[in-house]
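What follows is the residue order along each chain.
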Amino acid sequence: MKQTTDADVVAVARMLIAETGARGDGAELEGIAQVAHNRAARDGTSPSIVVGPPGSSTRGVWNNSDQFAADFAGAHRRGLAWVRAQEISRRVADGIAPNRIGTRLHFVHAQNFR
């Protein structure tokens, strides 16, 4: 796997905002971020390639919707949610967050995220 960069941390944080608004249980958000890292590791690429709209991996695109792309681009304007998403992304990238999902490459949204 390639080394995770600051750009990867930002991209995964943007994805967390676009997918979830950074709402929900921290462990669940860490798991979603871990999926991005797992896909990147499997493909020998970076998390920013995996999640940047529409995203690309051997598992297909991350999210090809116009709404995802708009939310991804505007994530930095989400106040405390943006701060939280960056913190979660950094913990996963640095290996501080426990990897509760192993090598899984998919996730399921909890009800009422959006």
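Heads up: these notes are all about the structure in this document. (Residues numbered from 1 in each chain as written. Predicted model: local features only at pLDDT ≥ 70, side-chain atom pairs only at ≥ 80, totals over all residues. Heavy atoms only, no water.)

## A few points about the packing of helix H2 (residues 26-43) against helix H5 (residues 80-93)
- Relative orientation of the contacting elements H2 and H5 amounts to 55°, with a least axis distance of 9 Å. Overall, the two elements H2 and H5 adopt an arrangement that is oblique. The crossing of H2 and H5 is right-handed. In contact with Gly26, Leu29, Glu30, Ala33, Gln34 and His37 of H2, H5 contributes Arg84, Ile88, Arg91, Val92 and Ala93.
- Here the residues of the contact of H2 with H5 sort into 5 nonpolar, 3 polar and 3 charged. (Axes fitted to C-alpha atoms, helices over the stretch in contact; angles between N-to-C directions. Helix = DSSP H or I, 4+ residues; strand = E, 2+ residues; numbered from the N terminus. Parallel < 35°, antiparallel > 145°, perpendicular 65-115°, else oblique. Left-handed = near helix turned anticlockwise from the far one by under 90°. Contact = heavy atoms within 4.5 Å. Nonpolar A, V, L, I, M, F, W, Y, C, P; charged D, E, K, R; others polar.)

## Observations regarding the pattern of salt bridges
- Inspection of the entire model under this criterion finds 4 salt bridges.
- The shortest N-O distance in the salt bridge between Glu30 and Arg91 comes to 3.0 Å. Of the two residues, Glu30 is situated in helix H2 and Arg91 in helix H5; the sequence distance between them amounts to 61 residues.
- Using a relative accessible area of 9% as the deciding quantity, one classes Glu30 as buried.
- Arg91 sits in the partly exposed class, given a relative accessible area of 29%.
- Residues participating in the shared-partner salt-bridge network are Asp6, Arg90 and Asp94. (Salt bridge = Lys/Arg side-chain N within 4 Å of Asp/Glu carboxyl O. Buried < 20%, exposed > 50% of the residue type's maximum accessible area, 1.4 Å probe, protein only.)

## Side note on the nonpolar core
- Among the nonpolar cores identified, the biggest contains 27 residues, and Met15, Leu16, Ile17, Val51, Trp62 and Phe72 are the most heavily contacted of them.
- Here the element with the most residues in this core is helix H1 (residues 6-20); it accounts for 7 residues.
- With sequence-adjacent residues up to four places away left out, Val51 is seen in contact with Ala11, Val12, Met15, Ala36, Trp62, Phe68 and Phe72. (Core = buried A, V, L, I, M, F, W, Y, C linked by side-chain atoms within 4.5 Å.)

## A word on the side chain of Asp71
- Here Asp71 lies in helix H4 (residues 66-73).
- A polar side-chain atom of Asp71 sits 2.8 Å from a polar atom in the side chain of Gln67. (Polar contact = N/O pair within 3.5 Å; in protein donor to acceptor, adjacent residues only side chain to side chain.)

## Points about empty space enclosed by the protein
- All told, the structure shown has 1 cavity of 30 Å³ or more when counted by the stated rule.
- Volume-wise, the largest cavity comes out at about 40 Å³.
- Contributing to the lining of the largest cavity are Ala27, Glu30, Gly31, Gln34, Val92, Pro98, Asn99, Arg100 and Ile101.
- The dominant element in the lining of the largest cavity, judged by the number of residues it contributes, is H2, at 4 residues.
- A breakdown of the residues in the lining of the largest cavity according to their chemical character gives 4 nonpolar, 3 polar and 2 charged. (1 Å grid on protein atoms, 1.4 Å probe; cavity = no way out; pocket = protein on both sides within 12 Å on 5 of 7 lines; lining within 4 Å. Points joined across faces, edges and corners; volume = space filled by probe spheres on them.)

## Considerations on the packing of H1 against H2
- Packing of H1 against H2 brings their axes to within 10 Å, and their N-to-C directions diverge by 125°. Judged on the interaxial angle alone, H2 and H1 are oblique. The way H1 lies across H2 gives a crossing that is right-handed. Residues Val12, Met15, Leu16 and Thr20 of H1 form the contact with H2, whose participating residues are Leu29, Ile32, Ala33, Ala36 and His37.
- Here the residues of the contact of H1 with H2 sort into 7 nonpolar, 2 polar and no charged.

Taken by themselves, the reported measurements are silent on function.
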